[in-house]
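Coordinate analysis (summary)
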Amino acid sequence: SCIGASIVGGICNNSGGALVQRGPAYTELSLYAQIDANGELKLVNNLGIHLGDSPEEILTNLYEQKYTDADVYQPDGRLSSDNEYHERVRDVDADTPSRFNNDGRRLFESSGCAGKLAVFAVRVDTYPKPAKEQVFYIGTNDTDVLTKIRRHVLSNFENLPVSGEYLHRDCYAVSKKYGKDMFVVIDKLGAKVIPKLFELKRTVDRIADNFSFLPEKFSDRMMQFFSYLLPSHLPKRMDDFHEKYDHHWILEMSNDGVDEARAYLQEFFKQEDGDYFECTPDESKKAILHRFVAGGALGRYHLMNKSNLGPMMTIDIALRRNEHQWFEELPKEIDDQIADKFYYGHLFCHVMHQNYVVKKGVDAKALKNRILAEFDSRGAEYPAEHNVGHEYCAKHDLKEFYKECDPTNSFNAGIGKTSKLKDWAE
């Protein structure tokens, strides 16, 4: 129904954090249904809005927006954002990641519940629109250059960045080729058309599935073909940097932070490898959008080349805040089993999205376990922002939180490879 997480989905799955000033999606104000220890379904209104007494009345008044400013209040001591994150992300010498799913510090009712509660509504903090914004596009062939910038900006700048999105050269190229149609649709028509586009896509695939001579995922193949007919969609200065540099960083600053970053980068690149340019408004929009469509583009790439490749694994990891070797270098015996690797992520908080396309015939499950063991040895946490699902183990804090939310284990049983049995029986 949307690109990225919805608001409620983001809260429930500990998503977000790309926006450095705001931090990960978090609130203690929500309206949800819960099955209690006696097996009874109850509606809990901790939203901070007087909506009535009975569940029917509360849900009806919420849906029809039958409440006034006088009905809205802030419950004592409850937060509607992670108000400590700006200090946490600035601590670049800490030996732990800044944000990850198993972090017990930010698990509360709907926040991180991952389907253990049925969430109807959340309240989150709002922020003033910046008076001034500027995107700086940075390129280099030396990862230490980006490490120096990251550590200096977080440690010494008075103003935190808005975001800092990283894209490796290979990911840039794949996103350019296989994300072009999505890029152009959003650029020209806006993100509001995405739900209708997905609906049309499903309809086309449903009809195509009735004809055996048509390939699977026919809509994707058709859209990819039409994308080849479209002109180049990325700004020339970005493409020039793609030719010159392995590592791309989209640094977004606001208000007084703009002049702070401008002065720093001008001096910094007089001595360091790489370069930068200040994006025009159009370049800013396209740089951010290009990074935005990268995830979908990788799925399209794998689909179009599936006959020559093994499975694709996508892992989001949270590296330690003091990690200097943030760009992965795998042992040769692991690397030899991989056909392609694609890296992108949120460099300020050290959350990286790492995609591995394995070679044909490789045991992908065994390989993934070896890669995860490498992360463990480095003190990394995973998943970082996409939740454990039924793929990763919920560690102690997260497992206990799930039990607290859902004492009878009735909602989303088995998540985090926990028990699927009633009352959490083993």
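About the thresholds
- Residues numbered from 1 in each chain as written.
- Predicted model: local features only at pLDDT ≥ 70, side-chain atom pairs only at ≥ 80, totals over all residues.
- Heavy atoms only, no water.
- Pairing = 2+ DSSP bridges.
- Helix = DSSP H or I, 4+ residues; strand = E, 2+ residues; numbered from the N terminus.
- Axes fitted to C-alpha atoms, helices over the stretch in contact; angles between N-to-C directions.
- Salt bridge = Lys/Arg side-chain N within 4 Å of Asp/Glu carboxyl O.
- Buried < 20%, exposed > 50% of the residue type's maximum accessible area, 1.4 Å probe, protein only.

Within the open sheet, the three strands sit side by side as β2-β1-β3. Their pairing is antiparallel. Single-partner strands in this sheet number two, and they are β2 (41-46) and β3 (118-122). Taken over all neighbouring pairs, the strand axes of this sheet differ in orientation by 15 degrees on average, direction set aside. Bridge analysis of strand β1 (residues 30-35) against β3 gives four bridges, and the strand direction is antiparallel. What sits directly across from S30, in β3, is V122.

Moving on to the pattern of salt bridges. All chains considered together, the criterion is met by 39 salt bridges. Close ionic contact of K148 with E272 constitutes a salt bridge, the shortest N to O distance being 3.2 Å. Of the two residues, K148 is situated in helix α4 (residues 143-156) and E272 in the loop between α10 (256-268) and β7 (275-278); the sequence distance between them amounts to 124 residues. Taking relative accessible area as the criterion, E272 reaches 23% and is therefore assigned partly exposed. For D246, the salt bridge identified is with R169, shortest N-O distance 2.7 Å. Taken together, the residues span a long stretch of sequence, with D246 in the loop between α9 (236-244) and β6 (247-254) and R169 in helix α5 (residues 169-178) at a distance of 77 residues. A relative accessible area of 26% means that D246 is categorised as partly exposed.

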